[in-house]
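Report on the structure
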Amino acid sequence: MEMNFRTKEESKKLQEAEFLALSGAERVFAFFRLCYEMRDFPSQETSDKKDNFIIHFKNR
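Please read these numbers as outputs of a predicted model, since none were measured by experiment.

Points about the pattern of salt bridges
Across all of its chains, the model carries one salt bridge by this definition. Salt-bridge contacts for Arg-39 lead to Asp-40; the nearest nitrogen and oxygen are separated by 2.9 Å. Residue Arg-39 is classed as partly exposed on the basis of its relative accessible area of 48%. On the accessibility criterion, Asp-40 (57% relative accessible area) is exposed.

Structure, rendered in structure tokens:
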């Protein structure tokens, strides 16, 4: 395991460069993966909305 110490600005710049190095399709899938992983974060927000656009991911 490697540990790196960077400033917040350096870290953001590196993350942006890595993201922009991805192809368009890879960026879209990275966004969908992020959305899917966000479901595990606790939230107090509740929604009574129905008939939303829903993307279902199949577990591998």
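Re the environment of Arg-39
Here Arg-39 lies in the segment after helix 2 (24-37). Within the local environment of Arg-39, its side chain forms a polar contact with the side chain of Tyr-36, the two groups lying 3.0 Å apart.

Section: the packing of aromatic side chains
In this structure the tally under the stated criterion is three aromatic pairs. Here the aromatic rings of Phe-31 and Phe-32 are separated by 6.0 Å at their centres, their planes lie at 50°, and the arrangement is tilted. Judged by relative accessible area, Phe-31 falls into the partly exposed class, the value being 47%. Here Phe-32 falls in the partly exposed class, since its relative accessible area comes to 26%. Of the aromatic side chains, those joined through ring pairs into one cluster are Phe-31, Phe-32, Tyr-36 and Phe-57. The side chain of Arg-39 reaches across the aromatic face of Tyr-36, ending 3.9 Å from its centre.

Procedures and definitions
Residues numbered from 1 in each chain as written. Predicted model: local features only at pLDDT ≥ 70, side-chain atom pairs only at ≥ 80, totals over all residues. Heavy atoms only, no water. Salt bridge = Lys/Arg side-chain N within 4 Å of Asp/Glu carboxyl O. Buried < 20%, exposed > 50% of the residue type's maximum accessible area, 1.4 Å probe, protein only. Helix = DSSP H or I, 4+ residues; strand = E, 2+ residues; numbered from the N terminus. Polar contact = N/O pair within 3.5 Å; in protein donor to acceptor, adjacent residues only side chain to side chain. Phe/Tyr/Trp six-rings, centres within 6.5 Å; stacked < 30°, edge-to-face > 60°. Lys NZ or Arg CZ within 6 Å of the ring centre and 35° of its normal.

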